[in-house]
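# Secondary and tertiary structure notes
Listed here are the chains, written in short residue letters.
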Amino acid sequence: MFNTLSVLLAWFIYPSLVLLSLVLVYAVSGLVQLMVTQYFSHLGALGCPPVPSFFWGHLQLLHDAENTNVYNKWREELGSIFTYRGFIGGYRLVTMDPRAIIHILSKPDHYPKPSFVRDSLASMGGEYGLIVVEGDDHKRMRKIINPSFTSPQVRELTPIFYEKAVKLRDIWLSLIDTASSSPTEIHNPPSILRHTDKPFHLSFLSPATPILPLRSRSRTNKVNITSPSPSLSLPSSYSSTSSIRLDILSWLGRATLDVIGLAGFGYTFDALVDDQNELAAAFADVFSAARKFRVLTVLQVWFPILRYFRPNRMSTESSLRTMQRIGRELVYGAQSRMARKGEEYRDIDFREKDPGKEARLSTDGDGALKGRDLLSLLIKSNLASEDKDRMSEDEIISQISTFMVAGHETTSSALAWTLYTLSHHQRSQSILRAELLSIPFSPMPSPEAISALPYLDMVVRESLRLFSPISQTMRIATKDDIVPVSGPYRDRKGQKRIEIVIKKGDIITIPIQAMNKCKCLFGDDAEMFVPERWKDDPPDPSHMPTLYSNILTFLHGGRGCIGYKFALLEMKVFLFILLRDIIFQPYPGLVIEKRLNVVTRPLVKSEPERGNQMPLLLSRTPSATIAIGPPPHPGSL
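First, a word on what this report is: a plain description of the structure on this page.

Calculation criteria
Residues numbered from 1 in each chain as written. Predicted model: local features only at pLDDT ≥ 70, side-chain atom pairs only at ≥ 80, totals over all residues. Heavy atoms only, no water. Helix = DSSP H or I, 4+ residues; strand = E, 2+ residues; numbered from the N terminus. Buried < 20%, exposed > 50% of the residue type's maximum accessible area, 1.4 Å probe, protein only. Contact = heavy atoms within 4.5 Å. Areas by Shrake-Rupley, 256 points an atom, 1.4 Å probe, with all protein chains shown as cover. Phe/Tyr/Trp six-rings, centres within 6.5 Å; stacked < 30°, edge-to-face > 60°. Core = buried A, V, L, I, M, F, W, Y, C linked by side-chain atoms within 4.5 Å. Pairing = 2+ DSSP bridges. Axes fitted to C-alpha atoms, helices over the stretch in contact; angles between N-to-C directions.

Further remarks concern the overall build of the protein. If you tally the helices and strands in the protein, you get 23 helices and 11 strands. Across the 637 residues in the protein, those meeting the buried criterion constitute 54%. Here the analysis covers contacts within the protein between residues at least 6 apart in sequence; of these, 77% occur between residues at least 24 apart. Counting only carbon and sulfur atoms, one obtains 57% of the accessible surface of the protein, whose full area is about 28,400 Å².

Bringing the packing of aromatic side chains into the picture now. Counted according to the given criterion, the structure contains 17 aromatic pairs. Centre to centre, the rings of F55 and W56 are 6.2 Å apart; their planes meet at 45°, and the pair counts as tilted. Overall, F55 belongs to the partly exposed group, its relative accessible area being 48%. Measuring from ring centre to ring centre gives 5.0 Å for W417 and F467, while their planes differ by 5°; the resulting arrangement is stacked. Of this pair, W417 sits in helix α16 (residues 393-423) while F467 sits in the loop between α19 (454-466) and β4 (473-476); the two residues are 50 residues apart in sequence, bridging distant segments of the chain. When sorted by exposure, W417 lands in the same class as F467, which is buried. One aromatic cluster is present, built from ring pairs that chain together F54, F55, W56 and F87.

Core analysis: the largest hydrophobic core is formed by 152 residues, its most contacted members being Y71, W172, L252, F265 and L618. With 13 residues, the single largest contributor to this core is α16. Those residues within four positions of F265 in sequence are excluded, and the remaining contacts are I260, L330, R337, L374, L375, I400, F403 and M404.

Let us look at helix α4 (residues 70-78). Within the sequence span of α4, burial applies to V70, Y71, N72 and W74. Looking at the buried residues of α4, the elements they touch are α2 (59-62), α3 (65-68), β1 (81-85), β2 (91-95), β7 (507-510) and α20 (512-516). Positioned one or two residues after α4, G79 has a phi angle of 100°, which is positive.

Turning our attention to the environment of V70. Among the structural elements, V70 can be located in helix α4. If sequence neighbours within four positions are ignored, V70 has contacts with L61, L62 and A65.

As summarised here, the arrangement of the 3 strands in space is β3-β11-β8, forming an open sheet in which the pairing is antiparallel. The open sheet terminates on both sides in strands that have one partner only, identified here as β3 (244-247) and β8 (582-586). Along the sheet, successive strands turn relative to each other by an average axial angle of 40°, direction set aside. Bridge analysis of β3 against strand β11 (residues 615-620) gives 4 bridges, and the strand direction is antiparallel. Of the residues in β11, the one forming a bridge with I244 is L618. Set on the sheet, α16 makes contact with β8 and β11; between it and β8 the angle comes to about 75°.

Structural data, given as structure tokens:
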């Protein structure tokens, strides 16, 4: 018996102890190496605020940076170049110098995203998404995708923006009318708060109306948009005080999801009217709750194996699988339509994982795919004869998932924050509404007419400045570098420096939101909502020559936001439709805070259990259009 136990110990317990010991030695040795590296870091010579914790440095303080504006407070004390401390005192460089930021963002190959940032982004859209990949892979993919987001292509999508904005307006007006006769509070639709077991199959969806240039659209292809008419009488229940509490964030998320479905992939997801929409629920899981400061999250940066134990990892992976499955169904549907039209394509067999399988069908003469929407371009890329112009099947699916996420979540958050700040600035809301009502609604205003509205443009610029959907970005140096600065700064010892010395492996934080609110660029009222600044005293373009409006919201350089023109026009159309007919006011007594979960989302301080939400009071304007059709079924609210 004793011999048997000895054998069992030898075969099972001892090897486990040896393996555990090796893991501990690896972890401890890595920890010691990290501590030594950080102790001798050259960044220690730069200014640094007092460190509250040896183990966690400033990380817990920075977790709430969106509400405390701590970066700008540090800038006032330390100058535009300084460091903060991370895990076990690790130094991270912060640059709030415009010239240094442009230098770093202009060299994406020298300054890619750190692996822990890429890993976090991959959990939302896949490891081959455009926001994840770096280097030559990113350049190849961006070249393929770029035609979907040119100015002419975006202008052709304007009817889709109008269609979904009008549908959202009509739903909200119906809810206002319902509440005026039987007051109630309406929050998130249930399917936004939880997953549903109801399967979502694109075979049940109808293809989108073909997108034609505005001037060539026939009467049968026109989007059915209801025009406000002063001759329409208001319901008897209307009064100037009739209003409803509504969570605009969840509704805007559904509307922008419908937009990206039609504009990017040629399908309608019907998220606005389907209260059991699986795709909307999947996105809700990804962004369901603000991230809390956790010790495990900090350790995962330095010990990648711990990333396997992320909180909510199972639900996030389930959501990603849902998005990827729907992406494959989108591809199958597109292939079928191409086959019926007799267009040539390469049959990507996603189910059998056989990249060598190829089917040649009849062509339209030159074998080219006609569509310039994102899905057509992705499938067309697989036809390319050269590898530099081709995407693999996994890459295509990752792009679909990535753009379904990025194409709607950032815009819906930006719109929610815009309406929130207008609710707190009634004068600006009234000025904007008067401008919007100054141009006729029928015929549908062109993209040029919408873009030419000066106060609308100023409001959008100011909102994107104060409420950037992405609050910061990080980069890691792949080689030593000397970074130029706008002016001299002082280090920890008070000595003047005229450049930043970068060593390979240095992690650099660029605080996007803090730069957008920096007094050095926007004056003493930088933290205030002042749309008129863009007319009376716009920032000097030479100070921050970024992708858009001299602010960092869409970044700069080769990693700048590829869809920013799409997002800007979509925002302006939605504001044009919603603000003409609806008055937005803050809900009394509620404090809205910013919470970061990749995207900066709102959270009611006194209602954290309800997750991310943006409750506002909505009421009709005196000239509001009568909502068409019955209000949504109460079960969907």
